[in-house]
Amino acid sequence: MDEHYLADLKQAGLILTEDGRVCCYWQASMPDYHDNEWGQPVVDDRRLFEKVCLEGFHSGMSWQLIYNKRDHFRRAFDDFDFHAVARFNDDDVARLMADKSIVRNRAKILSTINNAQRAIEMIEEAGSLAAWFWQFEPAPEQRPDTVDLAYWQSTKTSPESVRMSKALKKRGWTWVGPVTTYSLMQALGLINDHLAGCQCREKFEQAREQLNRPR
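Our subject in this report is the structure included herewith. (Residues numbered from 1 in each chain as written. Predicted model: local features only at pLDDT ≥ 70, side-chain atom pairs only at ≥ 80, totals over all residues. Heavy atoms only, no water.)

## Some words on the nonpolar core
Stage number 1. In terms of nonpolar packing, the biggest core is built from 62 residues, with Phe-73, Phe-77, Phe-133 and Met-164 touching the most fellow members.
Stage number 2. Looking at this core, the element that brings in the most residues is helix 3 (residues 45-58), giving six residues. (Core = buried A, V, L, I, M, F, W, Y, C linked by side-chain atoms within 4.5 Å. Buried < 20%, exposed > 50% of the residue type's maximum accessible area, 1.4 Å probe, protein only. Helix = DSSP H or I, 4+ residues; strand = E, 2+ residues; numbered from the N terminus.)

If you want it as structure tokens, here you go:
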């Protein structure tokens, strides 16, 4: 393999995988998440709620840590059935605080229960969580022409993530600051932040083009 080619990939934030694909540099640490999930449009309310909660736990911590614990979080929070989580009580909080397999942060645990209750209210308001969250998808002209490494490293919020954060907080949601909501927009596929040159970028862009947006 040409060393100059590999050096150019590295400078662009890309790697060459063992099977010969060009991908974002972080694919090596979470290949399945990178290749099959991050940027894939999400319109299922339970999976959407899961991502909201895990992004809240992600705040101040590495995503890889949270991702590696995801199955434990799913078990602990009834697979993120927000109707069930909304009924959690003090005994459930104590159980979760004793569960070493998840992140035992009391404020974030209480936030997950609170947000489950707010999620039920949101469905009554908007019909579904997906319909509410997807209204914050930016218009194409509001996105950069090229998602390069400089853009990716420097962009932690957007006007849409700020608006989403404010709207969620107004409705009583917690652990939903604008950095968290921007990360959520990436995870939900509201935006496609795979780097230019990454072979997964086109796949998820096609998925977004074919998506029937929830209303």
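So that's the structure; there's more coming.
## Here we look at empty space enclosed by the protein
Stage number 1. One pass over the full model with this rule turns up one cavity of 30 Å³ or more.
Stage number 2. Roughly 60 Å³ of volume is contained in the largest cavity.
Stage number 3. Residue lining of the largest cavity: Val-52, Cys-53, Gly-56, Phe-57, Lys-108, Ser-111, Thr-112, Asn-115, Thr-174, Trp-175 and Val-176, and that is the complete set.
Stage number 4. For the lining of the largest cavity, the secondary-structure elements that each account for two or more residues are helix 3 and helix 8 (106-126).
Stage number 5. Per-class residue counts for the lining of the largest cavity are five nonpolar, five polar and one charged. (1 Å grid on protein atoms, 1.4 Å probe; cavity = no way out; pocket = protein on both sides within 12 Å on 5 of 7 lines; lining within 4 Å. Points joined across faces, edges and corners; volume = space filled by probe spheres on them. Nonpolar A, V, L, I, M, F, W, Y, C, P; charged D, E, K, R; others polar.)

## Quick notes on the layout of surface pockets
Stage number 1. Approximately 560 Å³ is the volume attributed to the largest pocket.
Stage number 2. Along its surface, the largest pocket is lined by 22 residues, and His-58, Trp-63, Trp-152, Ser-183 and Gln-186 are the ones closest to its centre.
Stage number 3. Looking at the lining of the largest pocket, the elements with two or more residues in it are helix 3, helix 4 (63-68), helix 10 (149-154) and helix 12 (178-188).
Stage number 4. Taken together, the residues of the lining of the largest pocket break down into 10 nonpolar, nine polar and three charged.
Stage number 5. Looking at the second largest pocket, its volume works out to about 180 Å³.
Stage number 6. Along its surface, the second largest pocket is lined by Glu-137, Pro-138, Pro-140, Arg-143, Pro-144, Val-147, Leu-190, Ile-191, Asn-192, Arg-201, Glu-205 and Arg-208.
Stage number 7. Counted by class, the lining of the second largest pocket contains six nonpolar, one polar and five charged residues.

## A few points about helix 11 (residues 159-170)
Stage number 1. End to end, helix 11 covers 17 Å across 12 residues, agreeing with the expected 16 Å (1.5 Å per residue, within 8%).
Stage number 2. For helix 11, the secondary structure elements touched by its buried residues are helix 8, helix 9 (129-133) and helix 12.
Stage number 3. Backbone geometry just after helix 11 places Gly-172 at a positive phi near 95°. (Expected span 1.5 Å × (residues − 1). Contact = heavy atoms within 4.5 Å.)

## Things to note about the packing of aromatic side chains
Stage number 1. Summed over the entire model, instances satisfying the criterion amount to 15 aromatic pairs.
Stage number 2. With centroids separated by 6.0 Å and ring planes inclined at 80°, the aromatic side chains of Phe-133 and Trp-173 adopt a geometry described as edge-to-face. In this pair, Phe-133 sits in helix 9 while Trp-173 sits in the loop between helix 11 and helix 12, placing the two residues 40 residues apart along the sequence. Assigned by exposure class, Phe-133 and Trp-173 land together as buried.
Stage number 3. Taken together, Tyr-25, Trp-26, Tyr-33, Trp-38, Trp-63, Tyr-67 and Trp-152 form an aromatic cluster joined through their ring pairs. (Phe/Tyr/Trp six-rings, centres within 6.5 Å; stacked < 30°, edge-to-face > 60°.)

## As for the packing of helix 11 against helix 12
Stage number 1. At a minimum axis distance of 8 Å, the contact between helix 11 and helix 12 shows a crossing angle of 115°. Accordingly, the angle class assigned to the pair helix 11 and helix 12 is roughly perpendicular. As for how helix 11 packs across helix 12, the hand of that crossing is right-handed. Contacts from Glu-160, Ser-161, Val-162, Met-164, Ser-165 and Leu-168 of helix 11 reach helix 12 at Pro-178, Thr-181, Tyr-182, Leu-184 and Met-185.
Stage number 2. Its residues placed into classes, the contact of helix 11 with helix 12 shows seven nonpolar, three polar and one charged. (Axes fitted to C-alpha atoms, helices over the stretch in contact; angles between N-to-C directions. Parallel < 35°, antiparallel > 145°, perpendicular 65-115°, else oblique. Left-handed = near helix turned anticlockwise from the far one by under 90°.)

Spatial relationships are all this shows, so hold off on functional conclusions.
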